[in-house]
Amino acid sequence: MARIDTVIFDIGNVLIRWDIHNLYRRVFDEDTKIKDFLAETGLEIENQKFDAGKPFAVGTAELATRFPHHHEALHAFDGRWADCLDGAIEENVAVLADLKKAGTTVYAITNFSAEKFPIACRMFPFLTTFDDAIVSGEVKLIKPDPAIYRLLLDRHKLDPSRAVFIDDSAANIATATSLGLRTVHFAGDANVRQSLQRLSVPGV
């Protein structure tokens, strides 16, 4: 097997915690109201469009027109978006730091709004330390579309067999595997550091 010299991170729920419920627990007083609100408005589906480049102001305004009784709650997703975040996943941030210190090339491929990614970077400065980051909202592609992976691979002339991709989504992992990348599925009790050690990745 080829020696791995490149690590590619997902960001949301790999390096920082993100959950739309974190925000709406501050808006609604019962979890059932959150569930009903999200089911009625389709906001989580709309969020995929934000990740693909749709402006927040446009999308939330469209939904608020359709669901005027949820006007305030829908616009909160734009104005109070940072409340969806719930801190860094410190054990994985430490892995990122150790890889950088060792000189291992580190990239990111993330489904993230181009508008909101700078906010996350200000809150979590380690997100600015990648050698390059492919942000879906900037390139108008989202995982698990193979095109967003190929964008990074082609841009940096990467050999997939020498790179490992880390993500919390099984669908995203499946695409990476189909492209020849080694993978670490960060789910359940998965340990990123141990997984990278088993792959003999330098720096961990």
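Residues numbered from 1 in each chain as written. Predicted model: local features only at pLDDT ≥ 70, side-chain atom pairs only at ≥ 80, totals over all residues. Heavy atoms only, no water.

Attention shifts here to the layout of surface pockets. The space that makes up the largest pocket amounts to roughly 610 Å³. Contributing to the lining of the largest pocket are 25 residues, with Asn13, Trp18, Asn47, Asp51 and Asn111 lying nearest its centre. The element that contributes the greatest number of residues to the lining of the largest pocket is helix α3 (residues 43-51), accounting for 4 residues. Among the residues forming the lining of the largest pocket, the class breakdown is 7 nonpolar, 10 polar and 8 charged. (1 Å grid on protein atoms, 1.4 Å probe; cavity = no way out; pocket = protein on both sides within 12 Å on 5 of 7 lines; lining within 4 Å. Points joined across faces, edges and corners; volume = space filled by probe spheres on them. Helix = DSSP H or I, 4+ residues; strand = E, 2+ residues; numbered from the N terminus. Nonpolar A, V, L, I, M, F, W, Y, C, P; charged D, E, K, R; others polar.)

This paragraph deals with unusual backbone geometry. The linkage connecting lysine 143 with the following residue, proline 144, adopts the cis geometry, with an omega of 15 degrees. Position of proline 144 relative to the elements: it lies in the loop between α8 (136-139) and α9 (146-155). Not every positive phi belongs to a glycine, and asparagine 13 is a case in point at roughly 65 degrees. Considering the arrangement of structural elements, one finds asparagine 13 in the loop between β1 (6-9) and β2 (16-18). Even without being glycine, lysine 140 reaches a positive phi, approximately 60 degrees. Mapped onto the elements of the fold, lysine 140 is located in the loop between α8 and α9.

On the secondary structure map, lysine 116 appears in the loop between β4 (105-110) and α7 (117-123). Judged by its relative accessible area of 5%, lysine 116 is buried. At 2.7 Å, the side chain of lysine 116 and the side chain of aspartate 78 are in polar contact. Not counting the four nearest positions on each side in its chain, lysine 116 is found in contact with Phe56, Asp78 and Trp81. (Buried < 20%, exposed > 50% of the residue type's maximum accessible area, 1.4 Å probe, protein only. Polar contact = N/O pair within 3.5 Å; in protein donor to acceptor, adjacent residues only side chain to side chain. Contact = heavy atoms within 4.5 Å.)

We now examine the sheet that holds strand β6 (residues 163-167). In space, the 5 strands of this open sheet follow the order β5-β4-β1-β6-β7, with parallel pairing throughout. Looking along the sheet, the strands with just one partner apiece sit at the ends: β5 (132-135) and β7 (182-185). Across the sheet, the axes of successive neighbouring strands diverge by a mean angle of 20 degrees, strand direction being ignored. Summarising the sheet, β4 and β5 pair through 4 bridges and their orientation is parallel. Residue pairing in the sheet places isoleucine 109 in a bridge with isoleucine 134 of β5. Here α9 sits on the sheet and contacts β1, β4, β5 and β6; the angle it forms with β5, its principal contact strand, is near 155 degrees. (Pairing = 2+ DSSP bridges. Axes fitted to C-alpha atoms, helices over the stretch in contact; angles between N-to-C directions.)

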